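Residue-level listing of the chains:
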Amino acid sequence: MSGSALSFARRRRFGNYFWIGLSALLSVGIAAILLLILVYVFYQGVTSISWAFLTQVPHPVGVPGGGVGNGILGSAVIIAIATLIALPVGVLTGIYLTLFAPPRLAGALRFAADVLASVPSIAIGLFAYEVLVAPFHHFSALSASFAFSILMMPLIIRTTESAIRLVPTDMREAAVALGATELQTLFRCILVAARPGIMTGLILAVARVTGETAPLLFTAFGSQFWVVNPNQPMAELSLQIFTYAISPYKVWHNQAWGGALLLIMAVLTLSLTARIAFRGKVTANL
Amino acid sequence: MGDGATTTWAAGSGRVSRPESGLARHAFMLTVKAATAIFALIMAGLVLVLVSGSWASLRHFGLRFLWTSRWDPVANVFGGLPFIYGTVVSSLIALLLAASIGILSALFLAEFAPRRLSGLLGILIELLAAVPSVVFGLWGLFVLAPVVQRDIGPALQAAFGFLPIFKGVIYGVNMLTASLILTLMIVPTVMSISRDLISGVPGRYREATLALGSTRWEAVRYVVLPMVRPGVFGACMLALGRALGETIAVTMVIGNRPSISASLFAPGYTIASAIANEFTEATSDLYISALIELGLLLLVISILINAAGRLFLARLDRDGGRA
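All values derive from a computational prediction rather than experimental measurement.

**Student:** Would you take a moment to explain the side chain of Ser247 of chain A for this structure?
**Tutor:** Within the fold, Ser247 of chain A resides in the loop between α9 (237-245) and α10 (250-278). With residues near it in sequence (within four places) discarded, Ser247 of chain A still touches Trp252 and His253 of chain A.

Okay, here's the thing in structure tokens:
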């Protein structure tokens, strides 16, 4: 009797150690895989990176050299235009839903933003294609920016909301007590205090689309040349990586690793900046 | 977050601030409402445009599209079943793995790990979610796929070869590789939401359980975890939604063959990768329409799954699960 009680206790103790040990192992393992990927991308990519790689356009197969310069430029142009669309729409919608909208409408908008945030980017790419590519019969950077702006909006809306909510009520009341009008309170007090949070949201949104490839396949489409006209098909870094990676040529694989290193550095820098700048106070609930 | 109604700046019932002179306020409200209208228009447009784009295919194939598996652009016959099968199977396997790993590591970070270790591991796992899809694809194609073909595949076949899912020739780019890459991509979602929920459970529940003589694991497993179950379930739904729509990484490692095979070692195809690979090469209008219908299907499924996931999370919020 006491023997079986003892073994029961032992089994429970063993279970305790087993599960705690397993959970530790798994979390360390997953974190290690991230490091593994980072180290591997660095190791493979660093040899490809040179001044020429950063400043030249791709060369045809068989011609040595060439780079992703036009892709980097393309990414910058596409994301800049997307930001110009998404930032005003996102921030203003965020302001409306937090401060002015009737509760039911606010709830609906919040829900819509959350759902939109998780719509597959390829479906958004199809939408951009139908709206901005098909009617004009040519691919364009502009349609890619449109798709990217839709990916950015929900993040900006939700972080704007969360940043505004974090402004202490005391501050608003103080502004009002000093005789500020509604709009003065909003622009001189609330938005000033909420700015770091909104910036964080913007950085996260830029990080998200920087790593995005799928919608570009049938919007920006890619290009072998230097293109700045947003009404033309344009190269983009992550799209170049994709094209190079699935090609059968070893030289192009090396180019892909070089591009991947650039891309991952850009994205991780952006995410870490957002994290440090606002230390997890803003949650977009994604 | 809960007391949203009282923290709006008009301070609940009565307007506290001086109203604006009419014109400025009018102009401002108009701008703000216009922006919101643009956002709402995009939401509605997304669904409407995809429905109108796939209209030809919807009319031509009807519901048959969902369960016929002949995908023949030359004959203009399109059935989406192989893609639906590949999407569902790869995502469900990924969800199964990611849920187990994600929940256990969330428990470790929230309950067992020393604070600093927990912070460090948490950041690393969350950064995994920031790794671009194309980089996962690249790594999956050149590093993971060979490992699956050479080591993981044969090992699984040796141990469980009697199961149909582990039979047959082992390819490098196959369903299993795609599921493993997807697992890595969605683990952070499960982990970080679950961890936050678990951390939110007040300490007194653990103390009470421990005082009754439970082990630390038992307190967590039988008291803390059940309290946050709906939220964790919601987190898993969000992760599933992410897996279903993931495109580029999957396209690079799944093999892109539109056939239905029981074996996980055989190449497959997903809805998203079919669109990615074939859309710019689609020649006939019906072909394009069929691909857009696939996109619409993906959109509808992901909206439903995400809405459900968020409702579960919201329910937990309201019931005070995180008190």
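Picking up where we left off.
**Student:** Can you help me understand the environment of Leu263 of chain A in this one?
**Tutor:** Its location among the elements puts Leu263 of chain A in helix α10. Leu263 of chain A sits in the buried class, given a relative accessible area of 3%. The residues touching Leu263 of chain A, leaving out its near neighbours within four places in the chain, are Thr210, Leu237, Ser238 and Ile241 of chain A together with Pro132, Val134 and Val135 of chain B.

**Student:** What should I look at first to understand the interface of chain B and chain A in this one?
**Tutor:** A common way to report how large an interface is uses the accessible area buried once the components associate. Facing the 83 residues of chain B at the interface are 89 residues of chain A. In this assembly, chain B and chain A are joined by 3 salt bridges. In this structure, the salt-bridge partner of Glu182 of chain A is Arg25 of chain B, at a minimum N-O distance of 2.2 Å. Across the contact surface, chain B and chain A share 8 residue pairs in polar contact (both at pLDDT 80 or more). Split by residue class, the side of chain B that touches chain A holds 54 nonpolar, 20 polar and 9 charged.

**Student:** Can you help me understand the domain arrangement of chain B in this one?
**Tutor:** Residues and elements named next belong to chain B. Here chain B is partitioned into domain 1 (8-53) and domain 2 (80-320). Using only C-alpha atoms to locate each centre, domain 1 and domain 2 end up separated by 36 Å. Every contact between the two is made by 5 residues of domain 1 and, on the other side, 5 residues of domain 2. For the pair domain 1 and domain 2, the summed buried area comes to about 460 Å², and 83% of that belongs to carbon and sulfur atoms.

**Student:** Got a minute to help me understand a nonpolar patch on the surface in this structure?
**Tutor:** Taken together, the side chains of Phe160, Phe162, Leu163 and Ile165 of chain B make up a nonpolar region of the molecular surface, amounting to roughly 360 Å² of accessible area. Along the chain, the position of Phe160 of chain B falls in helix α7 (residues 133-160).

**Student:** Can you walk me through the pattern of salt bridges in this structure?
**Tutor:** Should the charged atoms of two oppositely charged side chains come close, the side chains can pair. Tallied over the full model, the rule gives 12 salt bridges over all chains. Among the salt bridges present, the one from Glu161 of chain A reaches Arg158 of chain A, with a minimum N-O distance of 2.6 Å. With Glu161 of chain A and Arg158 of chain A both in helix α6 (residues 141-165), this residue pair falls 3 residues apart, about one helical turn. Here Arg158 of chain A falls in the buried class, since its relative accessible area comes to 7%. The salt bridge involving Glu126 of chain B is made with Arg275 of chain A; its shortest N-O contact spans 2.2 Å. With Glu126 of chain B in helix α6 (residues 115-128) and Arg275 of chain A in helix α10, this pair bridges two chains. Residue class for Arg275 of chain A comes out partly exposed when judged on its relative accessible area of 28%. Salt bridges here are not isolated pairs; linked through shared partners, they connect Arg110, Asp114, Arg158, Glu161 and Arg165 of chain A.

Rules of the game
- Residues numbered from 1 in each chain as written.
- Chains lettered and ligands numbered in written order.
- Predicted model: local features only at pLDDT ≥ 70, side-chain atom pairs only at ≥ 80, totals over all residues.
- Heavy atoms only, no water.
- Helix = DSSP H or I, 4+ residues; strand = E, 2+ residues; numbered from the N terminus.
- Contact = heavy atoms within 4.5 Å.
- Buried < 20%, exposed > 50% of the residue type's maximum accessible area, 1.4 Å probe, protein only.
- Salt bridge = Lys/Arg side-chain N within 4 Å of Asp/Glu carboxyl O.
- Polar contact = N/O pair within 3.5 Å; in protein donor to acceptor, adjacent residues only side chain to side chain.
- Nonpolar A, V, L, I, M, F, W, Y, C, P; charged D, E, K, R; others polar.
- Domains from an automatic or database assignment.
- Buried area = accessible area lost by both parts, 1.4 Å probe.
- Patch = residues over 30% accessible without salt bridge, like charges linked within 9 Å, V, L, I, M, F, W, Y side chains within 5 Å.
- Areas by Shrake-Rupley, 256 points an atom, 1.4 Å probe, with all protein chains shown as cover.

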